[in-house]
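One letter stands for each residue in the lines below.
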Amino acid sequence: DGGITQSPKYLFRKEGQNVTLSCEQNLNHDAMYWYRQDPGQGLRLIYYSQIVNDFQKGDIAEGYSVSREKKESFPLTVTSAQKNPTAFYLCASTRGAGQGRPDTQYFGPGTRLTVL
Amino acid sequence: AQSVAQPEDQVNVAEGNPLTVKCTYSVSGNPYLFWYVQYPNRGLQFLLKYITGDNLVKGSYGFEAEFNKSQTSFHLKKPSALVSDSALYFCAVRDPLYNQGGKLIFGQGTELSVKP
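Rules of the game
- Residues numbered from 1 in each chain as written.
- Chains lettered and ligands numbered in written order.
- Predicted model: local features only at pLDDT ≥ 70, side-chain atom pairs only at ≥ 80, totals over all residues.
- Heavy atoms only, no water.
- Helix = DSSP H or I, 4+ residues; strand = E, 2+ residues; numbered from the N terminus.
- Buried < 20%, exposed > 50% of the residue type's maximum accessible area, 1.4 Å probe, protein only.
- Contact = heavy atoms within 4.5 Å.
- Core = buried A, V, L, I, M, F, W, Y, C linked by side-chain atoms within 4.5 Å.
- Pairing = 2+ DSSP bridges.
- Axes fitted to C-alpha atoms, helices over the stretch in contact; angles between N-to-C directions.
- Polar contact = N/O pair within 3.5 Å; in protein donor to acceptor, adjacent residues only side chain to side chain.
- Disulfide = S-S within 2.5 Å.

Structural notes on the side chain of Thr94(A)
All names here are of chain A.
Then, number 1: Inspection of the secondary structure assignment puts Thr94 in strand 9 (residues 87–94).
Then, number 2: Relative accessible area serves as the criterion here: at 1%, Thr94 is assigned to the buried category.
Then, number 3: When neighbours within four sequence positions are excluded, Thr94 is seen to be in contact with His29, Asp30, Ala31, Tyr33, Asp103, Thr104 and Gln105.

Structure, rendered in structure tokens:
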């Protein structure tokens, strides 16, 4: 987990609320990612960003939004439009994401979001 | 389409015995393959990866994996299991022919249980 921090560790949300999950990295990595983990389904990509001020939708972007104003920060907002937001959210980063690069993705410790 | 399959939801091994966690993949080009381990309520920890070259890859904590192109497999192995190896293991693949921001495709995970 070293070098990538996520906060809070646990988050509780009432229905209809937007919440923002923090992800910070001090690895000087260019690319950052948000995944959602549900039991028995592995990890699914929500959004990713290869450079500052640019990001792309992943496989399950509906109901989520992101920003990348600084290289070290990639916050994720879970909006009220996300119908089933209860899950474990993982942030990851990698040195580069250019085509053909085999760089390893490193993960933060995760945030567990529960909708009350 | 890119995909990863981990055919066993759970693997049970006695301490001291060898362990194998299976992974098969499907990509259009030559794959980059990764293994990660996850302990409860924690992020994913990188174990090892295959990029090119020797089919036997050695990683952290005594783990190794063998790339088999003809069988499209990348099974994780350890000669002698420890109780502390009990965790959730994920196989992931990246197809270097398709950039997609360095996206990884994950298997659904295999729960390894090592009994004393």
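What follows picks up the thread again.
Quick word on the nonpolar core
Then, number 1: Ranked by internal contacts, the top residues of the largest apolar core, which has 28 residues, are Trp35(B), Leu47(B), Leu48(B), Phe74(B), Leu76(B) and Tyr89(B).
Then, number 2: At the level of elements, strand 2 (10–14), strand 3 (19–21), strand 5 (32–38), strand 6 (44–50), strand 8 (64–68), strand 9 (73–78), strand 10 (87–94) and strand 12 (110–115) of chain B are the ones that each hand at least two residues to this core.
Then, number 3: Core analysis: the next-biggest nonpolar cluster, separate from the first, contains 20 residues, Leu11(A), Leu21(A), Trp34(A) and Ala61(A) among them.

Topic: the sheet that holds strand 8 (residues 76–78) of chain A
All names here are of chain A.
Then, number 1: Sheet architecture is open: four strands sit in the order 1-3-8-7, paired in antiparallel fashion. In the strand order of this sheet, the two ends are held by strand 1 (4–7) and strand 7 (64–66), each with one partner. Going across the sheet, the axis of each strand differs from the next one's by a mean of 20°, ignoring polarity.
Then, number 2: Sheet analysis places strand 3 (residues 19–25) next to strand 8, joined by three bridges and oriented antiparallel. Each bridged residue has a counterpart across the sheet, and for Thr20 the counterpart in strand 8 is Thr77.

Things to note about the side chain of Ser49(A)
All names here are of chain A.
Then, number 1: Its location among the elements puts Ser49 in strand 5 (residues 43–51).
Then, number 2: Ser49 sits in the buried class, given a relative accessible area of 1%.
Then, number 3: Engagement of the side chain of Ser49 in a polar contact is seen with the backbone oxygen of Ile51, the distance being 3.0 Å.
Then, number 4: At 2.8 Å, the side chain of Ser49 and the side chain of Arg68 are in polar contact.

Comments concerning the state of the cysteines
Then, number 1: Evaluation of the coordinates by the stated rule reveals two disulfides over all chains.
Then, number 2: A disulfide bridge connects Cys23(A) with Cys91(A), and the sulfur atoms are separated by 1.9 Å. The S-S bond linking Cys23(A) to Cys91(A) shows a torsion near -70°; that makes this disulfide left-handed. With a gap of 68 residues between them, Cys23(A) in strand 3 and Cys91(A) in strand 9 connect regions that are remote in the sequence. Of the two residues, Cys23(A) and Cys91(A), both sit in the buried class.
Then, number 3: Disulfide pairing places Cys23(B) opposite Cys91(B) at an S-S distance of 2.0 Å. Sign of the S-S torsion, about -65° for the bond between Cys23(B) and Cys91(B), identifies this disulfide as left-handed. In this pair, Cys23(B) sits in the loop between strand 3 and strand 4 (24–26) while Cys91(B) sits in strand 10, placing the two residues 68 residues apart along the sequence.
Then, number 4: On the basis of relative accessible area, Cys91(B) is assigned to the buried category, the value being 0%.

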